[in-house]
Amino acid sequence: ARYGPMMAGYAGKIRPWTGYGWHCDEVYFRILGNGAYLFTVMDYSTRFVLSYMVSPVKMGADPLEMFSEAARRAGTVPWVFVTDGLDVFPGAARKAFWRRAGRRLVHAVEVHMRNEFNHNNVHESLNGELRPLIRKRGGYKVANPVMVGLVVLGYDFFRPHAALNNRTPAEAAGICIEGKDKVLTLLEAAAA
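Residues numbered from 1 in each chain as written. Predicted model: local features only at pLDDT ≥ 70, side-chain atom pairs only at ≥ 80, totals over all residues. Heavy atoms only, no water.

1. Points about the overall build of the chain
Helix and strand counts for the chain stand at 7 helices and 7 strands. Tracing the chain from N to C terminus, the helices and strands come up as α-β-β-β-α-β-α-β-β-β-α-α-α-α. For the chain, the proportion of its 192 residues judged to be buried stands at 46%. Considering only contacts in the chain between residues 6 or more positions apart, those separated by 24 or more positions represent 61%. As displayed, the chain has an accessible area near 10,100 Å², and 54% of this comes from carbon and sulfur atoms. (Helix = DSSP H or I, 4+ residues; strand = E, 2+ residues; numbered from the N terminus. Buried < 20%, exposed > 50% of the residue type's maximum accessible area, 1.4 Å probe, protein only. Contact = heavy atoms within 4.5 Å. Areas by Shrake-Rupley, 256 points an atom, 1.4 Å probe, with all protein chains shown as cover.)

2. Observations regarding the nonpolar core
Counting residues in hydrophobic clusters, the biggest one holds 32 residues, and the most contacted among them are Trp 22, Phe 39, Val 41, Phe 67, Phe 81, Phe 97 and Phe 157. Residue assignment for this core shows that the elements contributing at least two residues are helix 1 (3-12), strand 1 (21-31), strand 2 (34-43), strand 3 (49-55), helix 2 (64-74), helix 3 (89-97) and helix 5 (145-157). Apart from the residues lying within four places of it in its own chain, the contact partners of Val 41 are Trp 22, His 23, Cys 24, Phe 48, Val 49, Leu 50, Ser 51, Met 66, Phe 67, Ala 70 and Phe 81. Ranked by size, the runner-up nonpolar core spans 6 residues in total, among them Val 27, Phe 29, Ala 36 and Leu 38. (Core = buried A, V, L, I, M, F, W, Y, C linked by side-chain atoms within 4.5 Å.)

3. Observations concerning the layout of surface pockets
Space inside the largest pocket adds up to approximately 310 Å³. Ala 8, Gly 12, Tyr 52, Arg 73 and Gly 149 are the residues nearest the centre of the largest pocket, which is lined by 21 residues in total. Residue assignment for the lining of the largest pocket shows that the elements contributing at least two residues are helix 1, strand 3, helix 2 and helix 5. (1 Å grid on protein atoms, 1.4 Å probe; cavity = no way out; pocket = protein on both sides within 12 Å on 5 of 7 lines; lining within 4 Å. Points joined across faces, edges and corners; volume = space filled by probe spheres on them.)

4. Describing the packing of aromatic side chains
Under the definition given, this model contains 10 aromatic pairs. Seen in terms of ring centroids, Tyr 28 and Tyr 37 are 5.3 Å apart; in terms of plane orientation they differ by 65°. Their pairing is edge-to-face. Here Tyr 28 falls in the partly exposed class, since its relative accessible area comes to 30%. Pairing Phe 81 with Phe 97 gives two aromatic rings, centres 5.0 Å apart and planes at 70°, and the pair type is edge-to-face. With Phe 81 in strand 4 (residues 80-83) and Phe 97 in helix 3, the pair connects residues that are 16 residues apart, well separated along the chain. One exposure class covers both Phe 81 and Phe 97, and it is buried. These aromatic residues form a ring-pair network of at least three members: Trp 22, Tyr 28, Tyr 37, Phe 39, Phe 67, Phe 81, Phe 89 and Phe 97. (Phe/Tyr/Trp six-rings, centres within 6.5 Å; stacked < 30°, edge-to-face > 60°.)

5. A few points about the pairing of strand 3
Walk down a regular strand and you will see the side chains alternate between the two sheet faces. In terms of burial, strand 3 is largely enclosed, as 5 of its 7 residues are buried. Here strand 2 runs beside strand 3; their pairing, made up of 6 bridges, is antiparallel. In the sheet register, Leu 38 faces strand 3, and the bridge partner there is Val 54. Two successive antiparallel strands, strand 2 and strand 3, enclose a turn made up of 5 residues, where Arg 47 displays a positive phi of approximately 65°. (Pairing = 2+ DSSP bridges.)

6. A few points about the pattern of salt bridges
What the rule picks out here adds up to 3 salt bridges. Between Lys 58 and Glu 26 there is a salt bridge whose closest N-O contact spans 3.2 Å. With Lys 58 in the loop between strand 3 and helix 2 and Glu 26 in strand 1, the pair connects residues that are 32 residues apart, well separated along the chain. Among the salt bridges present, the one from Lys 182 reaches Glu 171, with a minimum N-O distance of 2.8 Å. Of the two residues, Lys 182 is situated in helix 7 (residues 182-191) and Glu 171 in helix 6 (residues 169-172); the sequence distance between them amounts to 11 residues. Glu 171 sits in the partly exposed class, given a relative accessible area of 24%. (Salt bridge = Lys/Arg side-chain N within 4 Å of Asp/Glu carboxyl O.)

Coordinates in, geometry out; function isn't part of it.
Take a look at the structure:
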């Protein structure tokens, strides 16, 4: 509870390299016996989670702040934005991803699973990795948002992935953490 927010705050200031396509999806878990949803925005090429939010509802969630945070953190907006077609995504994506390019307005092309990319499998693999961590023993026994942040931090910075040639998403996004103990190195950098 003490060092998690410090590390997450420091890591949130690091700008990752991102590709042209981002994915957004949600995963269900439980906090104090109540259902909740973890929404994440992930870069397609690096599998790096750019932003996330926890919501008690799926259909009434407002992802605008999450999308804006992803664009701020990456320093850009995606050219292609892949979702599973949840009806709260299109309006928020249009508001968050509009930008000026010369004299014309450009926005991300929104793609649903049924269209051009024909799948959201990259994000489903993320959910497959997060689901065991956030569903452990029936969910979280305390209402502590730091725990969810630490799960995402661990996914991005500490856990290597076979799809990325045994690199972490942070390494794939151009963020290198030196030293044998990456957790200690990130904690020392955050405390400095």
